[in-house]
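Residue-level listing of the chains:
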Amino acid sequence: MERLKRRVLPEDVVINCSRDSAVPEPPAGPRWKEAGCVCTVMRLVAWTENVQNLIKYVTLNPGSKLKGERDWGKYKVAQHLKGVVGEIRSQYRTAWTSLEMRTRQCAVALYFIDKTASPNRHLQDPRDGLTARVFRTYNASVML
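Cut-offs and rules
Residues numbered from 1 in each chain as written. Predicted model: local features only at pLDDT ≥ 70, side-chain atom pairs only at ≥ 80, totals over all residues. Heavy atoms only, no water. Helix = DSSP H or I, 4+ residues; strand = E, 2+ residues; numbered from the N terminus. Buried < 20%, exposed > 50% of the residue type's maximum accessible area, 1.4 Å probe, protein only. Contact = heavy atoms within 4.5 Å. Patch = residues over 30% accessible without salt bridge, like charges linked within 9 Å, V, L, I, M, F, W, Y side chains within 5 Å. Areas by Shrake-Rupley, 256 points an atom, 1.4 Å probe, with all protein chains shown as cover. Salt bridge = Lys/Arg side-chain N within 4 Å of Asp/Glu carboxyl O. Pairing = 2+ DSSP bridges. Axes fitted to C-alpha atoms, helices over the stretch in contact; angles between N-to-C directions. Polar contact = N/O pair within 3.5 Å; in protein donor to acceptor, adjacent residues only side chain to side chain.

So, the overall build of the protein
What the protein contains, in helices and strands, is 2 helices and 4 strands. Reading the secondary structure of the protein in the N-to-C direction produces β-β-β-β-α-α. Per-residue burial over the protein gives 15% buried out of 144 residues. Sequence separation of at least 24 residues holds for 34% of the intrachain contacts in the protein that already meet a minimum separation of 6.

Pasting the structure below:
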């Protein structure tokens, strides 16, 4: 079944811009579907394609200044965590023997996150793979 892609119109477009910037004006006549600030994503624009009904995005180039600033911030956090990771591990290991069930459960959850969310064990520097670490909860279920 063949379908034609239709033109993306301003009524289909969701604009994501910073809080302190002005929303760009749409072409004469139509309005944007939505315009706002979502700081948790790096996309600039999103729309729904009509052929596969998928959401399409326009994001920043990995070499852009804004993307580099965000990556630098992640690197700084990882640099800070490198100094305290041993202390965090010793804290959750001592919490395993706590009398309170909730504290023990949190300690076990931290252990699982620490051990299973780090696929880059072969890297020398723990900061190298920090931004790519993901913990998939379909493998474990923890009641807190």
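What about a nonpolar patch on the surface?
Taken together, the side chains of Val-77, Leu-81 and Ile-88 make up a nonpolar region of the molecular surface, amounting to roughly 220 Å² of accessible area. Along the chain, the position of Leu-81 falls in helix H1 (residues 65-95).

Notes on the sheet that holds strand S3 (residues 43-48)
Within a beta sheet, neighbouring strands are joined by backbone hydrogen bonds and run either parallel or antiparallel to one another. Reading across from one edge, S2-S1-S3-S4 is the order of the 4 strands in this open sheet, with mixed pairing throughout. Looking along the sheet, the strands with just one partner apiece sit at the ends: strand S2 (34-36) and strand S4 (55-59). Pairs of neighbouring strands in the sheet enclose a mean axial angle of 15°, with direction left out of account. For strand S1 (residues 14-16) and S3, the ladder comprises 2 bridges, and the chain directions are antiparallel. The residue bridging Ile-15 from the neighbouring strand is Val-45, located in S3.

Focus: unusual backbone geometry
With a phi angle near 60°, Asn-53 is a residue other than glycine that sits in the positive phi range. Its location among the elements puts Asn-53 in the loop between S3 and S4.

Points about the side chain of Asp-12
Mapped onto the elements of the fold, Asp-12 is located in the segment before S1. Polar side-chain contacts of Asp-12 include one of 2.9 Å to the side chain of Arg-6. When neighbours within four sequence positions are excluded, Asp-12 is seen to be in contact with Arg-6, Arg-7, Lys-33, Ala-46, Trp-47 and Thr-48.

Topic: the environment of Thr-59
Tracing the backbone shows Thr-59 in strand S4. Among the residues examined, Thr-59 registers a relative accessible area of 48% and is labelled partly exposed. Residues Thr-59 and Val-41 lie 18 residues apart in sequence; the distance between their C-alpha atoms is 9.2 Å. Not counting residues within four places of it along the chain, the set of residues in contact with Thr-59 comprises Met-42, Arg-43 and Leu-44.

Comments concerning the pairing of S4
The sheet contact formed by S3 and S4 spans 5 bridges and is antiparallel. The residue of S4 that forms the bridge with Arg-43 is Thr-59. Where S3 folds back on S4, the antiparallel hairpin that results is connected by 6 residues, among which Asn-53 adopts a positive phi of roughly 60°.

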